[in-house]
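Residue-level listing of the chains:
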Amino acid sequence: MKSTSKHIAMRTCAACGEVKPKRELVRLVRLESGWVEVDIDSKKNGRGAYLCPSRECWEKGLKHGQLDRVLRITITPDNKAQLLEQGNNY
Ligand SMILES: [Zn+2]
């Protein structure tokens, strides 16, 4: 059987719930220490979550606890502040 569609890895934004190609989303990873950071190269090991590169989704995902839920941890206020700062670039 021949497939005409190319396989594209799709991921869901933790904030808005939109499903998008993986490369259009930003990956966040929960490290073993429990610290969450932006995984620029998508190469880090650990439980990952995805967010749209938009200020809206970063604020929603971080401030409303969606990211905590997806990563199954409670992100510390320090960690959230740091991530929000990085979200300023989007
Ligand atoms: Zn989103």
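Our subject is the structure that appears above.
Residues numbered from 1 in each chain as written. Predicted model: local features only at pLDDT ≥ 70, side-chain atom pairs only at ≥ 80, totals over all residues. Heavy atoms only, no water.

Brief notes about a nonpolar patch on the surface
On the surface, a cluster of nonpolar side chains totalling about 270 Å² of accessible area is made up of I8, M10 and V19. With respect to the helices, strands and loops of the structure, I8 is situated in the segment before β1 (10-12). The partly exposed category is assigned to I8, whose relative accessible area is 44%. (Patch = residues over 30% accessible without salt bridge, like charges linked within 9 Å, V, L, I, M, F, W, Y side chains within 5 Å. Areas by Shrake-Rupley, 256 points an atom, 1.4 Å probe, with all protein chains shown as cover. Salt bridge = Lys/Arg side-chain N within 4 Å of Asp/Glu carboxyl O. Helix = DSSP H or I, 4+ residues; strand = E, 2+ residues; numbered from the N terminus. Buried < 20%, exposed > 50% of the residue type's maximum accessible area, 1.4 Å probe, protein only.)

Structural notes on the sheet that holds strand β3 (residues 26-30)
Across the sheet, three strands lie side by side as β4-β3-β5; this open sheet has antiparallel pairing. The open sheet has two edge strands with one neighbour each: β4 (36-38) and β5 (47-51). Mean inter-strand twist for the sheet, computed between neighbouring axes without regard to direction, equals 30°. Where β3 meets β5, five bridges bridge the pair, whose relative direction is antiparallel. Across the sheet, R30 pairs through a bridge with R47, a residue of β5. Together, β3, β4 and β5 form the strand contacts of helix α1 (residues 55-63), whose direction differs from that of β5 by roughly 135°. Its contacts with the sheet put helix α3 (residues 77-87) on β3 and β4, and the angle it makes with β4 is roughly 10°. (Pairing = 2+ DSSP bridges. Axes fitted to C-alpha atoms, helices over the stretch in contact; angles between N-to-C directions. Contact = heavy atoms within 4.5 Å.)

Here we look at the side chain of D68
For D68, the position within the fold is in helix α2 (residues 66-71). Within the structure, the side chain of D68 is placed 2.9 Å from the backbone nitrogen of I75, a separation counted as a polar contact. Non-local contacts of D68, meaning those with residues more than four positions away in its chain, are made with L62, I73, T74, I75 and K80. (Polar contact = N/O pair within 3.5 Å; in protein donor to acceptor, adjacent residues only side chain to side chain.)

Remarks on the nonpolar core
Most often, soluble globular proteins have nonpolar side chains that are buried together. C13, L28, L51, W58, L67 and L83 are the most contacted members of the largest nonpolar core, which has 20 residues in total. Elements that contribute at least two residues to this core include exactly β3, β4, β5, α1, α2 and α3. The residues contacting W58, other than those within four sequence positions of it, are V26, L28, V38, L51, C52, P53, L83, L84, G87 and Y90. (Core = buried A, V, L, I, M, F, W, Y, C linked by side-chain atoms within 4.5 Å.)

Section: the coordination of the zinc ion
The coordination sphere of the zinc ion contains the protein donors C13 (SG), C16 (SG), C52 (SG) and C57 (SG), at a distance range of 2.2 to 2.3 Å. All donors to the zinc ion come from one chain, and their sequence spacing reads C-x2-C-x35-C-x4-C. Here C52 falls in the buried class, since its relative accessible area comes to 4%. By relative accessible area, which is 8% here, C57 ends up buried. (Donors = N, O, S within 2.8 Å, 3.2 Å for Na, K, Ca; no water.)

Description of α3
Taken as a whole, α3 has its buried residues at N79, K80, L83, L84 and G87. The arc enclosing the buried residues of α3, seen along the axis, measures out at 135°, which places them on a common side. For α3, the exposed residues set more than 90 degrees away from the buried face come down to D78 and E85. Taken together, the buried residues of α3 touch β3, β4, α1 and α2. (Arc of directions from axis to C-beta.)

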